[in-house]
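One-letter residues, chain by chain:
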Amino acid sequence: MPLVVLLCGALVLYPIGFLIAESLNTGDPSVFPPEEFGLDNYTNLIDDVHVLANTALVSCIATVLAVLFGFLQAWILTRTNIPGRQRLERLMELPYYMTPLIGALAWGVLLGPKTGLVNQAWRALGSPVDLFNIYSPYGIAWVMALFEGTIAFVMISASMKSMDPSLEESSRVLGAGKLRTALRITLPLVAPGVLSATIFVFAEMLGSFAAAFVLGIPGRFYVVTTAIWQATLSFPPDYGRAAAMGLSLFGVMLITLTLARLVLRHGTYTTITGKGFRPREMDVGRMRWPLLAIAWGYIIVAVVLPLGALMLTSFERFATVILPQMQFTLANYETALQMGSVGPAFVNSLTLGISVATIGVPVIGVLAWIIYRSRMPGRGAAEYVIMFPQAVPRLVFGLGLLWAWINLPIPIYGTLWLLALAYFTVFLPLGLRTIASVVLQVDPSLEECARVCGAPWVYQMRTVTLPLLRPGMVAAWLLIFIASVRELGVSIFLMGPNSKVIAPAIVNSWLSSSSELSAAMALIQTATIFVAVAIMFGVARRVTGVTQ
Amino acid sequence: MVYSRLNDTKGETMHRPSYAGGLVALAILIGSAAAHACDTPRQMDGFKTCADVAKAEEEGAFVLYSTDPEAGSEAELAKFHAMFPKIKTNYVRLQAGALYAKLSAERQAKSYLVDVVQLSDISFARDFEKRGGYMSYVSPEMAAYKPEYKSQPEGSWTWGAISMAGIAYNPNLVSKDEAPKTWKDMLDPKWTDSVTVKTSTSGMQHMTWYQMRLLYGDDYWQKFAALKPKAFDSYVQQFDRTVNGQDKVIDTAQYSGYLQFKAKGAPIEYVYPPDGLVAVPEFWGVVKEAPHQEAAKLFLDWFLGVPGQKGYGEALFYNSIRDDVPPPAGGVKASELKLLFPAAWEAFLKTHTQFVREWDKITGLR
């Protein structure tokens, strides 16, 4: 048991050590190990106060929106009897399939000032001004919220699926309305899921790069990650400043995580008890149609519109949103499919997604149990350590991973093995937060009964705990799989000539070739993930005989 | 507008060697004693090589690290592979800074994966040279390149292409009369909030900043800052926005980007300022400890020769610095253009820190 914690902790702390060393490096950034140390990189952060303030503003707005979207959709799709819930759940995942940078590009097509499709339509109605300007802090927060809303939805859904509906039924029987029940019963009971989602999404927003890169720079609005991008890619590279900026975000996450642990400590959230239950939806009566409209409305805004914008771009000779200029072609898809590197990159990405998720989820399940259920000393500290990669922007953590692993006398640099290890490391927080929300809902007495009856720990985990955690583990598997396929920041530094993955290829295409080619590649990526997930869930249902 | 006569601005920006040229000539004499192509290069189809072709084919593989668009690199490597089917080609494409971070970390850890590296920023190329990253290999094709287009002594890197920057605009939004004609016209307040540039990570932007200061004085960019320019990482973003009417003009407009968008039928026009186009070379060289050394030499010889240079122009719309290579489709030969690049590269390189500080302020990052 401690071995799992030690191993995961080592995977996180080893590259962090390199980042800390570099953040204290005040000499030549190309020299390794650093020869001159000091705190200049941290004290100089005062020059970047406006960037830190921008980051805080956007992150807070985006987190509130994402959790709101996620909670609302999770409640509608898991607790009510609106028709087509399963289809809507699959559609809710779609924004997460897409490389975020391309998703932000799609919103630029829709809501760019003067020429965005929505603004063109608005001006055609006679308005002299634009309806929206996506190149603003609120635009960035909106796009971030739509993409991260999927994570909040998946995490909170996992909690809601583990809830005994009799608790809500009792409330209704005693005369409470549906809204009061949702706010006074459902919400408190899924607090672990909501808090887990909030912590994770907030950390994700702090380190979010794509939306700020595509939508912030045109508005001269910079956040920590775009400043880090500049620092690491310029000459001479300012790795020290980048590392200091990245590590300073951990301080913010530390506070958030501590507050969440305090809240969770002062309540009980068990909903999975010894009394068996079957998840049942609430009959919402006539409200099912407005709720259905809200659910589909979100899908249209978060999925249909950006995918539509990307599809339009992908069929154009040159990317334009001005109708008279549009010329259509299939050449972008031909180019994307003929590029020799694209096929192997897709195969590598899918392979990594399946392996990392399949091996990682049981390990993370055990880790979650240790942190929240065991009495192992240091388990609280372990949670903070495991969450570290989430707090540090992926580009910075990628540098740490590069320096850490390339110096080990193990020949895995440039191979898929290194990418798999790196992905497992950076997705530990994602898996932990997803599964943690369900762990807290399991009544400890269920496991205690198993132990009292003589079951060894491994047997108890296999036959009692892990089956109860299934909704969380399925959700974690899905999120880690998708995140692995679309992973960018770490992949940039660790991929080799024979271990290319797809997200850098899509982003490279946008940066150096054309928006229309990158749109085509992004849609191929989205479709591939959609099909892969559908196949895998279909196979899983056949093998286990379980319906979702 | 195209120029055949080239002016020396303030004695520091040059196109033809003058005082600095004498130093270059001396360096050549010294350098030529130290490095030279093999005595009997082998004539291949369109180029000469000093590589052991049989050994290169036995090595069977070749890896390129490049900042070029992937589709273009693939097309270029496919041509090489078609000529030498026994040599499997592969590449890694990253933005210059990320590529250099990866390359540096690999060399520091003695992990050698790459055979030939292309760098689009001289700062990285010179740093790599100083750290002994290049193998000394004098290709017989380097004889076709003027001394100022090669490392001194020869053999570390060569200009594999030249990237040029001028001014571009959307003719649907800006008439020919209104369009800027000179670099000085870019200071007109009418471009406020509608002009784009590149970020401080761009070697091309550094060169433009440097050249404009030489031409027009230190306050040129202070006046330009009042226009609130938007900075982008790539020319694709600049041209996309201009074509779509979100911006009107592009300062530091990459010539190959213009040719690419024009070929697709996009509404874009280009201005060749009379003072000259800013020119930034691409640096190509064989990496020391390359895992496939003969294949690397063979590739470099092919690439620097006419077949490789022609293919490069076709794939990526880049201009070759060789006069015997046609320009890219729709474009003009580099030798027919007035190009601005430093006579003293060291002096230029020393301004980098100042440039980053000033440019980040101009573009709102600091």
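Quick look at the structure, then. (Residues numbered from 1 in each chain as written. Chains lettered and ligands numbered in written order. Predicted model: local features only at pLDDT ≥ 70, side-chain atom pairs only at ≥ 80, totals over all residues.)

**Remarks on the overall build of chain B**
- Of the regular secondary structure elements, chain B holds 13 helices and 13 strands.
- A compact globule built from 366 residues would reach a C-alpha radius of gyration of about 21 Å, and chain B, at 20 Å, matches this within 12%.
- With respect to the three principal axes, the spread of C-alpha positions in chain B is 60 × 45 × 40 Å.
- Counting all 366 residues of chain B, 58% fall into the buried class.
- Expressed as a percentage of contacts within chain B between residues at least 6 apart in sequence, the contacts between residues at least 24 apart total 78%. (Helix = DSSP H or I, 4+ residues; strand = E, 2+ residues; numbered from the N terminus. Rg over C-alpha atoms; globule rule 2.2 N^0.38 Å. Buried ≥ 20, exposed ≤ 12 C-beta atoms within 10 Å, placed from the backbone. Contact = placed C-beta atoms within 7 Å.)

**Re the overall build of chain A**
- If you tally the helices and strands in chain A, you get 25 helices and 0 strands.
- Every one of the 548 residues in chain A was classed for burial, and the buried ones make up 54%.

**Let's talk about the interface of chain B and chain A**
- Listed by partner, the interface residues are 51 residues for chain B and 52 residues for chain A.
- Secondary structure elements with two or more residues in the side of chain B that touches chain A: α3 (70–83), β5 (88–93), α4 (96–108), α5 (122–130), β9 (230–232), α8 (235–243) and α13 (352–362) of chain B.
- Here the side of chain B that touches chain A takes 8 residues from α4 of chain B, the largest share from any one element.
- Partitioned by chemical class, the residues of the side of chain B that touches chain A number 21 nonpolar, 18 polar and 12 charged. (Nonpolar A, V, L, I, M, F, W, Y, C, P; charged D, E, K, R; others polar.)

**Thoughts on unusual backbone geometry**
Residue and element names in this part refer to chain B.
- Put simply, Gln152 and Pro153 share a cis peptide bond, and its omega is 0°.
- Position of Pro153 relative to the elements: it lies in the loop between α5 and β7 (158–169).
- Look at Thr252: it is not a glycine, yet its phi comes out positive at around 60°.
- Tracing the chain through its elements places Thr252 in strand β10 (residues 249–254).
- Residue Thr252 is classed as buried on the basis of its C-beta count, with 28 C-beta atoms lying within 10 Å.

**Observations concerning helix α6 (residues 203–216) of chain B**
Residue and element names in this part refer to chain B.
- In a regular helix each residue adds 1.5 Å, so 14 residues correspond to 20 Å; α6 covers 20 Å between its end C-alpha atoms and thus fits that length.
- Judged by how many residues are buried, α6 sits mostly within the fold: 10 of 14 residues are covered.
- Along α6, the positions that sit buried rather than exposed are Gly203, Met204, Gln205, His206, Met207, Thr208, Trp209, Tyr210, Gln211 and Met212.
- Of the residues trailing α6, Gly217 is marked for its positive phi of about 100°. (Expected span 1.5 Å × (residues − 1).)

**Section: the pairing of strand β13 (residues 339–342) of chain B**
Residues and elements named next belong to chain B.
- Residues Leu339 and Phe341 line one face of β13 and the alternating positions Leu340 and Pro342 line the opposite face, and both faces are buried.
- Relative to β13, strand β12 (residues 277–286) runs parallel, the two being bridged by 2 bridges. Across the sheet, the residue bridging to Val278 is Leu340, located in β13. (Pairing = 2+ DSSP bridges.)

**So, the packing of helix α7 (residues 137–161) of chain A against helix α10 (residues 191–206) of chain A**
Residue and element names in this part refer to chain A.
- At a minimum axis distance of 8 Å, the contact between α7 and α10 shows a crossing angle of 155°. Considering their axes alone, α7 and α10 lie roughly antiparallel with respect to each other. Here α7 and α10 pass one another in a crossing that is right-handed. On the side of α7, the interface is formed by Met144, Glu148, Ile151, Ala152, Met155, Ile156, Ala158 and Ser159, while α10 contributes Pro192, Gly193, Val194, Ser196, Ala197, Phe200, Val201, Glu204 and Met205.
- Each residue belonging to the contact of α7 with α10 can be placed in one class, and the counts come to 12 nonpolar, 3 polar and 2 charged. (Axes fitted to C-alpha atoms, helices over the stretch in contact; angles between N-to-C directions. Parallel < 35°, antiparallel > 145°, perpendicular 65-115°, else oblique. Left-handed = near helix turned anticlockwise from the far one by under 90°.)

**A few points about the pairing of β10 of chain B**
Residues and elements named next belong to chain B.
- Most of β10 is tucked away: 6 of the 6 residues are buried.
- Of the pairings in the sheet, the one linking β7 to β10 comprises 5 bridges and is antiparallel in character. Note on β10: the bridge partner recorded for Ala168 is Ile250.

**Section: the packing of helix α19 (residues 416–439) of chain A against helix α22 (residues 470–485) of chain A**
Residue and element names in this part refer to chain A.
- Interhelical geometry of α19 versus α22 gives an angle of 155° and a closest axis separation of 9 Å. By the angle between their axes, α19 is roughly antiparallel relative to α22. Two packed elements cross with a definite hand, and for α19 against α22 that hand is right-handed. Counted together, Tyr423, Phe427, Leu430, Gly431, Thr434, Ile435, Ser437 and Val438 of α19 and Pro471, Gly472, Met473, Ala475, Ala476, Leu479, Ile480, Ala483 and Ser484 of α22 form the full contact between these two elements.
- Considering only residue class, the contact of α19 with α22 consists of 12 nonpolar, 5 polar and no charged.

**Let's talk about the environment of Ala391 of chain A**
All names here are of chain A.
- Within the secondary structure, Ala391 sits in helix α17 (residues 379–391).
- For Ala391, a count of 25 C-beta atoms within 10 Å puts it in the buried group.
- For the pair Ala391 and Glu89, spaced 302 residues apart in sequence, the C-alpha to C-alpha distance is 28 Å.
- Contacts of Ala391, omitting those with residues within four sequence positions, involve Ala203, Leu206, Leu249, Phe250 and Met253.

**Quick look at α10 of chain A**
- For α10 of chain A, with 16 residues, the first-to-last C-alpha span of 22 Å sits near the 22 Å given by 1.5 Å per residue.
- For α10 of chain A, the buried fraction is high: 16 of the 16 residues fall into the buried class.

Limitation: the analysis is restricted to geometry and does not speak to function.
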